[in-house]
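# A look at the structure
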Amino acid sequence: MDKKFTIILAAGHGTRMKSKLYKVLHPIAGKAMVDHVLTQVEQTNMDEIVTVVGHGAEKVEELLGDRTKYALQSEQLGTGHAVLQTEDLLGDEDGMTMIVSGDTPLFKASTFEELFDYHRQKGAAATILTANADDPFSYGRIIRNNVGVVSKIVEQKDATREEAEITEINTGVYCFDNKKLFAALHQVKNDNAQGEYYLPDVIGIMKDQGEIVAAYQMKDFSESMGVNDRRALAVATDVMKKRINEMHMVNGVTIVDPSSTYIDCDVKIGSDTVIEPGVQLQGNTVIGGDVVVGAHSKIVDSTIGNRVVITSSTIEESIMHDDSNIGPNSHLRPKSELGEFVHVGNFCEVKNATLGARTKMGHLSYVGDATLGTDINIGCGVVFVNYDGINKHHSTVGNYSFVGSNANIVAPVTLEDHSYVAAGSTITNDVKEFEMGIARGRQVNKADYFKKLPVYEAAKKAEEENK
Ligand code: UD1
Ligand code: MG
């Protein structure tokens, strides 16, 4: 069996993106474009993968790590020149080499397989993957002779008016006989509109040398789209979004409004989970089965158990165990963990804190830097005062405790199991088991004082009128 190699071109800056971020690092559904390409290539059993890096080389290498080898193209003199930089690594090899750009994030591994099969079947020196575009503008055009055989590729900027009307485009993916590729690359010149060494020129060179050049036309143009600017980035994002949503629906997830649901490519979701409109599920998020993710929730890098209910809330780098619930309008900030059957209600914030099983926090509270046991009740408006202006401090609350409404728990402090904090208290000292901590001014009632106040006259007048 022939050896198989892949070269990924990722050295360009991506001027048309008008961005500080290098083009191939722009994310689509939570993953950099070049990572999408590599992920699909990895599924096709390559003997070697080489990525050509230049602009942002360190960033690309940091992202892709040792999943690929690298060749440096220190000056971006064109795609042909880019491929030539891999000659030290691949030049002596016998086998088939696929070339793919780092800015075509929608290709599927199955298409790469089809290209290899076709290439083998045709016994070709080069096979171009082509597609038919409704709007071929900016792509290289496939020029065929009068019997339909490919003779060359012409870039947009070099195309005559007639050539520009051709809708069959070069997807930027090719399969080559490895040795013939490098031999032809040395003959590529840069006498064109952009003054670059074009990889597609290899096709014309091979053809002129009497080699077999084949073209495999894929059915779905959208899979081949190249992303050169932000408009294309949005179109590609939409294609990827549909693909991801369909995969989850096929797997038994209800997505009420797929058009407004944004799920990153690595998110996992169990069956019978319902995703309501406007939801964003990002990063390394795992969601169990029978979950309801309510409208406009956002979940980032978090793990959600089974039967959890999330109502219009934001969850970041946190864990919610089975049967817990949150919202509406609450926020789990990083390193929060809600145990089984925990209830976090309206307008609450939790940060770097654990709430044990069955603990309840219904309304308007903040718990930061704290460990709460099981079966605790946190009243309305409780604040864990964790910050002294310089340092963050940690508090602990034991099982079966009760923290009354509007209490301040000033860290560091420990409330033992079965402790009780009276409403409105500002707690600065530990509370032992079975104790009640109360820390507020005593109430004094002054008889007839109402009558001395200006409201008294107003109240009397209103009472008269209401008679
Ligand atoms: C390229 C093809 C065009 C094809 C289209 C498909 C050429 C000359 N043109 O055009 O026929 O229809 O892709 O999407 O190849 N790169 C380098 N080094 C360089 C230049 C580019 O590594 O010196 C990389 C870029 O980072 C990019 C890829 O090669 O990932 C393609 O370059 P790009 O400038 O996007 O070419 P297109 O104009 O899209
Ligand atoms: Mg491109």
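Note that the structure is a prediction, hence the values are computed from the model and not measured.

Another aspect to go through is the UniProt feature "active site" (unreviewed entry) in the chain. Under the feature "active site" (unreviewed entry), the UniProt entry names H363. Along the chain, the position of H363 falls in strand 29 (residues 360-363).

For the magnesium ion (ligand 2), the protein coordination sphere consists of D103 (OD) and N228 (OD1), at 2.1 to 2.3 Å. With D103 in the loop between strand 6 (96-101) and helix 5 (109-122) and N228 in the loop between strand 11 (213-218) and helix 9 (230-250), this pair connects stretches of sequence that are 125 residues apart. For the residue pair D103 and N228, the accessibility class agrees, reading buried in each case.

On to the site of ligand 1, then. Near ligand 1 there are 27 residues, and of these Q73, G78, T79, E155 and N170 occur at the shortest range. Between an oxygen atom of ligand 1 and a main-chain N or O atom of L9, the distance comes to 2.8 Å. In this structure, an oxygen atom belonging to ligand 1 sits 2.9 Å away from a side-chain N or O atom of K23. Protein burial of ligand 1: of its 760 Å² of free accessible surface, 91% is covered by the chains.

Grouped together as the largest cluster of nonpolar side chains are 88 residues, with contacts concentrated most on L281 and I409. For this core, the leading source of residues is helix 9, giving six residues. Looking at which domains feed residues into this core, each of domain 1 (4-223) and domain 2 (243-437) gives three or more. In contact with I409, other than residues within four places in its own chain, are V382, V383, F384, V385, S395, V403, L415, V421 and I427. Counting residues in hydrophobic clusters, the runner-up holds 31 residues, among them L90, I128, L199 and I203.

This brings us to the UniProt feature "binding site: Mg(2+)" (unreviewed entry) in the chain. The positions that UniProt labels "binding site: Mg(2+)" (unreviewed entry) are, in the present scheme, D103 and N228. Spatially, the listed residues are clustered: although they cover 126 residues, their C-alpha atoms lie within 7.2 Å of one another. Owing to a relative accessible area of 11%, D103 belongs among the buried residues under this scheme. In contact with D103, other than residues within four places in its own chain, are K23, V24, M33, M225, G226, V227 and N228. In contact with N228, other than residues within four places in its own chain, are R16, M17, K23, D103 and S138.

Of all 10 residues in strand 10 (residues 168-177), nine are buried, a share of seventy percent or more. As paired elements, strand 6 and strand 10 share four bridges and run antiparallel to each other. Bridging from a neighbouring strand, I99 pairs with Y174 of strand 10. Summarising the sheet, strand 7 (residues 126-132) and strand 10 pair through seven bridges and their orientation is antiparallel. Paired with T130 across the bridge in strand 10 is N170.

So, on to the packing of helix 7 (residues 178-185) against helix 8 (residues 201-208). Here helix 7 crosses helix 8 at 100°, and the two axes come no closer than 9 Å. With respect to helix 8, the axis of helix 7 lies roughly perpendicular. For the pair helix 7 and helix 8, contact is made by K180, L181, A184 and L185 and by V202, I205 and M206, respectively. The residue makeup of the contact of helix 7 with helix 8, split by class, is six nonpolar, no polar and one charged.

With that settled, consider the environment of T311. In this structure, T311 sits in the loop between strand 21 (309-310) and strand 22 (314-316). Put simply, T311 and E93 are 218 residues apart on the chain and 57 Å apart in space, counted from C-alpha to C-alpha. If we ignore the near neighbours within four places in the chain, the residues touching T311 are G294, S297, I326, G327, P328 and N329.

The next thing to look at is unusual backbone geometry. Here the amide bond leading from G327 into P328 is cis, since omega sits at 5°, within 30 degrees of zero. Assignment of secondary structure puts P328 in the loop between strand 24 (325-326) and strand 25 (331-332). Of note, the amide linkage connecting A411 to P412 takes the cis form, showing an omega dihedral of 0°. With respect to the secondary-structure elements, P412 resides in the loop between strand 35 (408-410) and strand 36 (413-415). A positive phi angle, near 40°, is found at S312, a position not held by glycine.

The subject of this paragraph is the sheet that holds strand 12 (residues 254-255). Hydrogen bonds between backbone groups are what pair the strands of a sheet, and the pairing can be parallel or antiparallel. Spatially, 12-15-18-21-24-27-29-31-34-37-39 is the arrangement adopted by the 11 strands of the open sheet, whose pairing is parallel. Edge positions in the sheet fall to strand 12 and strand 39 (436-437), since each has one partner strand and no second.

The rules behind the values
- Residues numbered from 1 in each chain as written.
- Chains lettered and ligands numbered in written order.
- Predicted model: local features only at pLDDT ≥ 70, side-chain atom pairs only at ≥ 80, totals over all residues.
- Heavy atoms only, no water.
- UniProt positions renumbered as here; feature names shortened; annotations may be inferred.
- Helix = DSSP H or I, 4+ residues; strand = E, 2+ residues; numbered from the N terminus.
- Donors = N, O, S within 2.8 Å, 3.2 Å for Na, K, Ca; no water.
- Buried < 20%, exposed > 50% of the residue type's maximum accessible area, 1.4 Å probe, protein only.
- Near = heavy atom within 4 Å.
- Polar contact = N/O pair within 3.5 Å; in protein donor to acceptor, adjacent residues only side chain to side chain.
- Areas by Shrake-Rupley, 256 points an atom, 1.4 Å probe, with all protein chains shown as cover.
- Core = buried A, V, L, I, M, F, W, Y, C linked by side-chain atoms within 4.5 Å.
- Domains from an automatic or database assignment.
- Contact = heavy atoms within 4.5 Å.
- Pairing = 2+ DSSP bridges.
- Axes fitted to C-alpha atoms, helices over the stretch in contact; angles between N-to-C directions.
- Parallel < 35°, antiparallel > 145°, perpendicular 65-115°, else oblique.
- Nonpolar A, V, L, I, M, F, W, Y, C, P; charged D, E, K, R; others polar.

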